[in-house]
Amino acid sequence: MAASRTGTNCAGIDVEPSATNRVLSFYSNTTILVTGGTGFLGKVLLEKILRCLGVRKVFLAIRAKNGRNPTERLQDLLKDVIFDRLRAAYPIDQLLERVEAVEISLEASGGEGLGLDGALEARLLQETELVFNVLASVKFNESIKNAIGTNVGGTRRILQLARRMQRLKAIVHVSTLYSNCDRTHIRERVYADPPLNPD
């Protein structure tokens, strides 16, 4: 290990202190919107954000499901084993002060919008600085209509909302397995000319 590598990040991996400081500074005291935070990847992301990044607030977009409203689902989520380290450091009430359930619906408004309460939507537009879009259906037997409605339509709606955010710094989109499915090799770059119009 190089002598200059004296710091460790939140995962315990040796990193350059200046790189860690830049990342922590970028996220410090920010407000983040996370979609898909109840899924297997989203849980890991949410835990890392809350444990390591010193954010002010996380708006967690959650749908009502199985008779549970978004607030109940958030409370259930924070009881998951992945949040054990956080719960050991902070009472659940303190975690709930940093994470707010935001009820969304992909069935709302005839295919447009997210069915957000007007006052809550205004807060999101005013306060959100970063968006992590992890929302996706990963069911391999999903109907094509539902898969497109969630994976394409849901992403489109999140991006439409993000375009109106007044303090937005960045959007991080985690794509599905089927992105760029017309290519045999996918590079880590933005493909500006899709072969089909997504609409």
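Here the residue numbering is sequential within each chain, running from 1 through the sequence in written order. For a predicted model such as this one, the threshold for reporting local features is a pLDDT of at least 70, and the threshold for listing and counting side-chain atom pairs is 80 or more; totals across whole chains, interfaces and linings nevertheless cover every residue. Note: side-chain values were computed over all heavy atoms of the structure, leaving out hydrogens and water.

Per an unreviewed UniProt entry, the protein chain carries the name Fatty acyl-CoA reductase and comes from Anopheles maculatus. UniProt positions are given in the numbering used here, feature names are shortened, and annotations may be inferred rather than shown by experiment. Quoted verbatim from the Catalytic activity (unreviewed entry) field of the UniProt record, the comment on the protein chain reads "a long-chain fatty acyl-CoA + 2 NADPH + 2 H(+) = a long-chain primary fatty alcohol + 2 NADP(+) + CoA". The UniProt entry for the protein chain carries the following comment under Function (unreviewed entry): "Catalyzes the reduction of fatty acyl-CoA to fatty alcohols."

**Comments concerning the sheet that holds strand E5 (residues 99–103)**
Any two strands are treated as partners once DSSP identifies two or more bridges connecting them. We count a stretch as a helix when DSSP gives it H or I for four or more residues in a row; a strand needs E for two or more, and each element gets its number in order from the N terminus. One open sheet holds the five strands; their spatial order is E5-E4-E3-E6-E7, and the pairing between them is parallel. The sheet is open, and its two borders are formed by E5 and strand E7 (170–173), each paired with just one other strand. Ignoring which end each strand starts from, the neighbouring axes of this sheet average 20° apart. Strand direction decides the pairing type here: strand E3 (residues 31–35) and strand E4 (residues 57–62), joined by five bridges, are parallel. By the bridge assignment for E4, Thr35 is matched with Ala61. Most of the contacts of helix H2 (residues 40–52) go to E4, to which it runs at about 165°, and overall it touches E3, E4, E5 and strand E6 (130–133). For helices, the axis comes from a line fit to the C-alpha atoms of the stretch in contact; other axes are also lines fit to C-alpha atoms, and the angle between any two N-to-C directions lies between 0 and 180 degrees. Two residues form a contact once any of their heavy atoms are found within 4.5 Å.

**What about the packing of aromatic side chains?**
Any pair of Phe, Tyr and Trp rings, taking the six-membered ring for Trp, is counted once the centres come within 6.5 Å. Such a pair is stacked with planes under 30 degrees apart, edge-to-face with planes over 60 apart, and tilted for the rest. All told, the structure shown has two aromatic pairs when counted by the stated rule. Measuring from ring centre to ring centre gives 5.2 Å for Phe26 and Tyr27, while their planes differ by 90°; the resulting arrangement is edge-to-face. The class for Phe26 is partly exposed, based on a relative accessible area of 35%. A 1.4 Å probe rolled over the protein chains alone gives each residue an accessible area, and that area as a share of the maximum for its type sets the label: buried under 20%, exposed over 50%, partly exposed in between. For Tyr27, a relative accessible area of 15% corresponds to the buried category. With a centroid separation of 6.5 Å and 20° between ring planes, the pair formed by Tyr27 and Phe132 is classed as stacked. Of this pair, Tyr27 sits in helix H1 (residues 17–27) while Phe132 sits in strand E6, placing them 105 residues apart in sequence. A connected cluster of aromatic rings, assembled from ring pairs, spans Phe26, Tyr27 and Phe132.

**Some words on the nonpolar core**
Counting residues in each nonpolar core, the largest one holds 23 residues, and the members touching the most others are Ile32, Ile49, Val58, Leu60 and Leu74. For this core, the elements supplying multiple residues, two or more each, are E3, H2, E4, helix H3 (70–77), E5 and E6. If one sorts the elements of this core by residue count, H2 sits on top with four residues. Among all residues touching Leu60, those that are not within four sequence positions of it are Val34, Gly37, Leu46, Leu74, Leu77, Val99, Glu100, Ala101 and Val102. In this structure, Ile104, Leu116, Leu120 and Leu124 belong to the second largest nonpolar core, which totals 17 residues. We define the nonpolar core as a collection of buried residues of types Ala, Val, Leu, Ile, Met, Phe, Trp, Tyr and Cys that are connected through side-chain atoms lying within 4.5 Å of one another.

**Details of the side chain of Glu47**
The residue Glu47 is located in helix H2 in this model. The definition of a polar contact used here is a pair of N or O atoms within 3.5 Å, where within protein one atom must be able to donate a hydrogen and the other to accept one, and adjacent residues in sequence count solely through side-chain atom pairs. Side-chain polar atoms of Glu47 contact the side chain of Arg51, separated by 2.6 Å. Not counting residues within four places of it along the chain, the set of residues in contact with Glu47 comprises Ile82, Phe83 and Leu86.

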